[in-house]
Amino acid sequence: MFKKSRRKIVASILAVLVLLLFGTICVIYFASYMQMSEENRQLLRQYSAEYRLLDEPSPPQNDAHPDDRSASDSSQDSPPANNRQRKPPGRPPRLELSTFYSVAISKDGQVLKVDTADVSTLDEETLTELAFRLEEGSRQEGVEQDLIYKITDKGDYILAAFLDNTLMMDNARALITYTLIFGGAALILLFFLSRYLAKRIVAPLEESYKRQKQFVSDAGHELKTPVAVVNANLELLSRQIGENQWLSNIQYENERMSALITQLLELAKTENTVPVMENVDLSRLVYGEVLPFETVAYDQGLTLNSQLEEAVFVNGNSLQLKQLVSILIDNALRHNQGGSEITVGLKKERGHGILSVINSGEPIPEEQKSQLFERFYRADSARTAEDGHYGLGLAIAKNIASSHRGSIQVRCYEGKVEFSVKIPLKK
């Protein structure tokens, strides 16, 4: 039980940390990527707006400094270095440092100019084919092969401009890789830290629970002796003075105390000892436990039906499994209401053996279902323990199911109450 609690604590801590880390990284990456992409698109738009062919007049630069304009005028006689007009002063540094490619296509589909920026990995033919394919598409902007592109109608021709996005993508991939590496290492460290914290958190509860179980076991053993002494003295007194009302009351209460001590010791045994496991034919075991209860059911005017699938083998302890079956059948007989039969079923389902005991009864409220398997819990608070039951049977059944790596649950439907136990089949 406490191992499961520690695992849940570790899983919860790691889940919260992973979600926080993943969410933070996603927000940072998404915001950074969107910002850088938008800046690159702005640069590409500015480049497309300023692009001019050799014979195309340049727009007036009204915001340029007079000295810059005179210097620009004096340099108009010199031939341009490439197909683009000389970049005006005052342009953003990123525009100067970025690598652009372009393809100018006439309206009749002729290539007017191709600029590969002297990049050896991108030839004119490849760039031209890409430009024609994008120009025929419906999108004017986008990303293609690590290139941000923009298709612009310049009036007399179509300009397909590209901005190399490889550096940004490589940086993003490297950042993600290093984040995953160091994030994974950090999660491993946090895993061990979470285990340590979970152990420290659960330790006081585990110690308290162990003391409680030890107390129940010790108290049960200590109470057996005085109960046996009282019972022996009652027998001696009854022989000397004969039948007596007061002695009968003492005898009755002593028997109740003896039954309670027996159940407490059984509960402590199921909790504190590790049962010896063996290969058990659960089908034959359940059938053997059903037979003695048929007479009890007949005396109550009930029919005990069994629907048992054959050859259901589990790895378990036969004594505890017999006790589990008898507890569930006895519980169904005592709490049957309105129906004339009780059904005991056993089947294989998805690698598990499913034992079910069904009786007629009123629906159990949802808030009580989780408490049915607690010690001393009784659904009807008005009932007393005169029948020799103290609310320990289902708690013992739950411990037996848990010790066999199984589970027990209850569900209500159509006037029926079903207790089912799931135990892994023997491989």
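- The name that an unreviewed UniProt entry assigns to the protein chain is histidine kinase, with the source organism given as Candidatus Enterocloster faecavium.
- Quoted straight from UniProt, the Catalytic activity (unreviewed entry) entry for the protein chain says "ATP + protein L-histidine = ADP + protein N-phospho-L-histidine."
- Annotation of the protein chain in UniProt includes, under Subcellular location (unreviewed entry), the sentence "Membrane".

Details of the overall build of the protein chain
- Looking only at helices and strands, the protein chain has 10 helices and 12 strands in total.
- For the protein chain, the proportion of its 427 residues judged to be buried stands at 34%.
- Within the protein chain, counting contacts between residues at least 6 apart in sequence, those at least 24 apart form 69% of the total.

What to know about the UniProt feature "transmembrane region" (unreviewed entry) in the protein chain
- Mapped onto the present numbering, the UniProt feature "transmembrane region" (unreviewed entry) falls at residues 9-31 and 175-193.
- Structurally, residues 175-193 comprises 100% helix and 0% strand, and the distance from its first C-alpha atom to its last is 26 Å.

Describing unusual backbone geometry
- Located in the positive-phi region is alanine 311, a residue other than glycine, with phi close to 60°.
- For alanine 311, a relative accessible area of 39% corresponds to the partly exposed category.
- Unusually for a residue other than glycine, glutamate 414 sits at a positive phi of about 50°.
- Locating glutamate 414 in the fold gives a position in the loop between β11 (407-413) and β12 (416-424).
- Assessed through its relative accessible area of 77%, glutamate 414 is described here as exposed.

Observations concerning the packing of helix α8 (residues 318-335) against helix α10 (residues 393-403)
- Taken N-terminus to C-terminus, the directions of α8 and α10 make an angle of 145°; their axes are 9 Å apart at the nearest point. Here the hand of the crossing between α8 and α10 comes out left-handed. Residue-level inspection shows Gln320, Gln323, Leu324, Ile327, Leu328 and Asn331 of α8 in contact with α10, the latter providing Gly393, Leu394, Ile396, Ala397, Ile400 and Ser403.
- A breakdown of the residues in the contact of α8 with α10 according to their chemical character gives seven nonpolar, five polar and no charged.

Quick notes on the packing of aromatic side chains
- Taken as a whole, this structure holds four aromatic pairs when the rule is applied.
- Summarising the aromatic geometry, the rings of phenylalanine 373 and phenylalanine 419 are spaced 6.2 Å apart at their centres and angled 80° between planes, so their arrangement reads as edge-to-face. Within this pair, whereas phenylalanine 373 is found in the loop between α9 (366-369) and α10, its partner phenylalanine 419 is found in strand β12, the two being separated by 46 residues in sequence.
- On the accessibility criterion, phenylalanine 373 (10% relative accessible area) is buried.
- Judged by relative accessible area, which is 5%, phenylalanine 419 ranks as buried.
- Taken together, the ring pairs connect Tyr47, Tyr51 and Phe100 into an aromatic cluster.

Definitions and limits used
Residues numbered from 1 in each chain as written. Predicted model: local features only at pLDDT ≥ 70, side-chain atom pairs only at ≥ 80, totals over all residues. Heavy atoms only, no water. UniProt positions renumbered as here; feature names shortened; annotations may be inferred. Helix = DSSP H or I, 4+ residues; strand = E, 2+ residues; numbered from the N terminus. Buried < 20%, exposed > 50% of the residue type's maximum accessible area, 1.4 Å probe, protein only. Contact = heavy atoms within 4.5 Å. Axes fitted to C-alpha atoms, helices over the stretch in contact; angles between N-to-C directions. Left-handed = near helix turned anticlockwise from the far one by under 90°. Nonpolar A, V, L, I, M, F, W, Y, C, P; charged D, E, K, R; others polar. Phe/Tyr/Trp six-rings, centres within 6.5 Å; stacked < 30°, edge-to-face > 60°.

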